[in-house]
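Notes for the structure review
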Amino acid sequence: MLGKLTLGMRILLSLLGAAAVLYTFSYPDSIIPRSLEEQDLEAGTISIYAAKPLLFLLPLAFMELVSLLGPRRNLVWFSGLLGVLAAAVAAWPVLTATRPELVHPTFGFEDGKLAQGLLYYCVLVACSLVLRAVLLSYLFKYYRAVDEDCSGEVDADLLDPAKGLTVQQIAALPRPPKARFLFGEIDFRRIRSFHELMRAMLGRRRIMRYAVAAAVLLLGGWFFLYPQPTPQQALERDLQAMYATAAPARPGAMQLATTRAVHAAYRVMEHISDHESFAGFSRAQAEKWLRLPSVPESYRRQLRDERDITLPSVDDTFESRDRFLTVTDGTRWAVLFIRTDESGQTINLAEVQDAGWNAIADELRRLYGTEWRGAYFRK
């Protein structure tokens with residue numbers, strides 16, 4: 001009983017380690033965010049940023065340690081790896097439908113999310129199968145020693161001429177009795193019980209194969225047949241999610257959106273910009289389209305703050321556009337700007353601006369925009 005309990009605990013720890021491996025593959029920037037300091041480091045410099053691609057080795061070493069703590073090492077190892085792989089495949093369509101930012105990156109400068117992490121993870125599983133189940137099993141398998149045929153071998157002492165025997169002396173030696181084996185009647189009941197035992201064992205193995213095949217088919221059906229939202233349904237989902245807020249750190253503090261809300265807000269703003277959804281709208285019509293009247297008054301004032309703002313990704317010194325909607329979680333920003341006609345009442349164009357996802361990308365975009373404007377105004 002204690003052995004089974006220990007094995008179960010090791011498998012659970014292996015599952016936790018495998019989940020950590022998948023997380024380091026998928027979301028390394030959430031563990032070590034991109035920083036401008038990283039850009040200033042010289043090639044070959046030892047730093048925490050240089051170690052980011054190797055983060056997966058820590059949970060991988062933990063899994064190896066857990067598997068070495070007792071017998072059935074491969075069972076513990078592959079239970080963790082394959083269990084997390086099955087859970088990730090099952091979660092993929094659900095996250096794609098509800099939290100797409102966790103499956104695919106919103107921006108090209110983000111980490112690869114689950115799509116990239118699962119690819120790396122499958123490579124790790126394949127390498128583990130080849131290394132542990134094939135190569136190491138072949139190299140360290142213990143074979144039972146098989147007695148070689150020694151019928152032609154004679155000890156050196158027996159070949160000593162001084163101790164030799166004549167033919168007469170050899171013939172006079174007592175002969176060992178010939179062994180005779182006497183068997184009783186055949187026990188057919190024991191034979192039948194053995195046959196029944198073998199049939200039961202083969203039946204269990206057959207049932208296990210069928211169960212594994214059925215589980216794989218169900219998982220594949222779940223992955224490919226899980227309903228995905230249409231573009232309009234996805235827009236409705238994001239409109240409902242973009243105004244969610246986290247609990248304020250202290251009373252009276254600025255209300256911050258959840259990380260999911262910022263992603264949803266950016267997708268909505270991108271849709272507005274790409275489809276020119278606000279072209280010809282008044283500010284009131286745009287607010288109604290965004291469902292701002294249903295947002296609590298205090299948070300709505302914060303979202304609709306039109307004062308100038310400095311974003312790390314853009315220099316707005318020479319921009320003639322108005323800030324219309326701002327959603328932030330304190331680190332990431334999604335801002336919708338509008339350009340109006342001469343009267344300032346009708347919206348001609350809406351633009352979306354992001355910031356805070358990647359410090360290096362923000363700095364490069366800001367510098368590029370500054371240089372471009374400088375070259376334009378020097379003409």
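Our subject in this report is the structure included herewith. Just so you know, these numbers come straight off a predicted model, no measurement behind them. The numbering scheme is per chain: residues are counted from 1 as the chain's sequence reads. Totals for whole chains, interfaces and linings use every residue, but because this is a predicted model, local features are given only for residues with pLDDT of at least 70 and side-chain atom pairs only at 80 or more, for both listing and counting. Side-chain descriptors were evaluated using all non-hydrogen atoms of the structure, hydrogens and water having been removed beforehand.

**Considering a nonpolar patch on the surface**
In plain terms, the rule: Grouping into patches uses exposed residues only, defined as over 30% relative accessible area, and leaves out salt-bridged ones; the cut-off is 9 Å for like charges and 5 Å for nonpolar side chains (Val, Leu, Ile, Met, Phe, Trp, Tyr). Computed by Shrake-Rupley with a 1.4 Å probe, the accessible areas treat only the displayed protein chains as cover when residues are assessed. Between Lys or Arg on one side and Asp or Glu on the other, a salt bridge is scored when a side-chain nitrogen of the former is within 4 Å of a carboxyl oxygen of the latter. In this description a helix means any DSSP run of H or I spanning at least four residues, a strand means any run of E spanning at least two, and both kinds are numbered starting from the N terminus.
Side chains of Leu2, Leu5, Met9, Leu12, Leu13, Leu16 and Phe62 sit close together on the surface and give an oily, nonpolar patch of about 670 Å² of accessible area. Considering every element that reaches the nonpolar patch, the biggest residue donor is helix 1 (residues 2-26), with six residues. In this structure, Leu2 sits in helix 1.

**Points about the sheet that holds strand 3 (residues 347-355)**
Put simply, the rule reads: What makes two strands pair is DSSP finding at least two bridges between them. Helix axes are fitted to C-alpha atoms over the stretch in contact, other axes to C-alpha atoms as well, and angles between N-to-C directions run from 0 to 180 degrees.
Spatially, three strands are ordered 1-2-3 in an open sheet, and the strand pairing comes out antiparallel. One side of each edge strand has no neighbouring strand; the edge strands of this open sheet are strand 1 (322-328) and strand 3. Ignoring which end each strand starts from, the neighbouring axes of this sheet average 20° apart.

**Describing helix 9 (residues 231-241)**
Selection rule: Three labels apply to residues, based on accessible area from a 1.4 Å probe with only protein chains included: buried if under 20% of the type maximum, exposed if over 50%, partly exposed otherwise in between. Residues count as neighbours in contact if any of their non-hydrogen atoms are within 4.5 Å of one another.
Taken as a whole, helix 9 has its buried residues at Ala234, Leu235, Arg237, Asp238, Leu239 and Ala241. Contacts made by the buried residues of helix 9 are with helix 5 (73-98), helix 10 (259-275) and helix 11 (283-289).

**Examining the layout of surface pockets**
Condition: Grid spacing is 1 Å over the protein atoms alone, the probe is 1.4 Å, and a cavity is where that probe fits but cannot get out, while a pocket is an open set with protein on both sides within 12 Å along at least five of seven lines and lining residues have an atom within 4 Å of a point. Grid points are joined across faces, edges and corners, and a volume is the space filled by probe spheres set on the points. Each residue gets one label: Ala, Val, Leu, Ile, Met, Phe, Trp, Tyr, Cys and Pro are nonpolar, Asp, Glu, Lys and Arg are charged, and the others, such as Gly, are polar.
There is about 390 Å³ of room inside the largest pocket. Around the largest pocket, the lining comprises 21 residues; the ones closest to its centre are Asp29, Ser30, Glu110, Lys113 and Arg332. Looking at the lining of the largest pocket, the elements that each hand over two or more residues are helix 2 (28-31) and helix 10. Across the lining of the largest pocket, the residue classes tally to seven nonpolar, six polar and eight charged.

**Topic: helix 10**
Short version of the rule: For a helix, the expected span equals 1.5 Å multiplied by the number of residues minus one.
The end-to-end C-alpha distance of helix 10 is 25 Å, a good match for the 24 Å that 17 residues give at a rise of 1.5 Å each. On its buried side, helix 10 packs onto helix 9, helix 11, strand 1, strand 2 (333-340) and strand 3. After helix 10 finishes, the residue Glu276 shows a positive phi value of roughly 50°.

**Quick look at empty space enclosed by the protein**
In the structure shown here, the tally under the stated rule is one cavity of 30 Å³ or more. The space that makes up the largest cavity amounts to roughly 50 Å³. The element that contributes the greatest number of residues to the lining of the largest cavity is strand 3, accounting for three residues. In terms of residue class, the lining of the largest cavity is built from five nonpolar, three polar and one charged.

**Digging into the pairing of strand 3**
Among the nine residues that make up strand 3, seven are buried, leaving the element largely enclosed by the rest of the structure. Judged from the eight bridges that link them, strand 2 and strand 3 form a sheet pairing that is antiparallel. In the sheet register, Phe337 faces strand 3, and the bridge partner there is Glu351.

**Some remarks on the pairing of strand 2**
Working note: regular strand, side chains alternate between the two faces of the sheet. Bridge analysis of strand 1 against strand 2 gives six bridges, and the strand direction is antiparallel. Bridging from a neighbouring strand, Arg323 pairs with Phe337 of strand 2. Count of turn residues in the strand 1/strand 2 antiparallel hairpin: four residues, of which Gly330 carries a positive phi of about 100°. If you look at the hairpin formed by strand 2 and strand 3, you'll find six residues sitting between the two strands, and Gly344 has a positive phi there, around 80°.

**With respect to the environment of Ser35**
Quick reminder of the rule: What qualifies as a polar contact is a pair of N or O atoms within 3.5 Å, subject to a donor-acceptor requirement within protein and to the restriction that residues adjacent in sequence count only when both atoms come from side chains.
As for its position among the elements, Ser35 is in the loop between helix 2 and helix 3 (36-40). Looking at Ser35, the relative accessible area reads 17%, which means it is buried. Distance in space between the C-alpha atoms of Ser35 and Glu363 is 10.0 Å, their sequence separation being 328 residues. Sequence-distant contacts of Ser35, that is, excluding residues within four places in its chain, are made with Tyr49, Ala359 and Ile360. From its side chain, Ser35 meets the backbone nitrogen of Glu37 in a polar contact 3.2 Å long.

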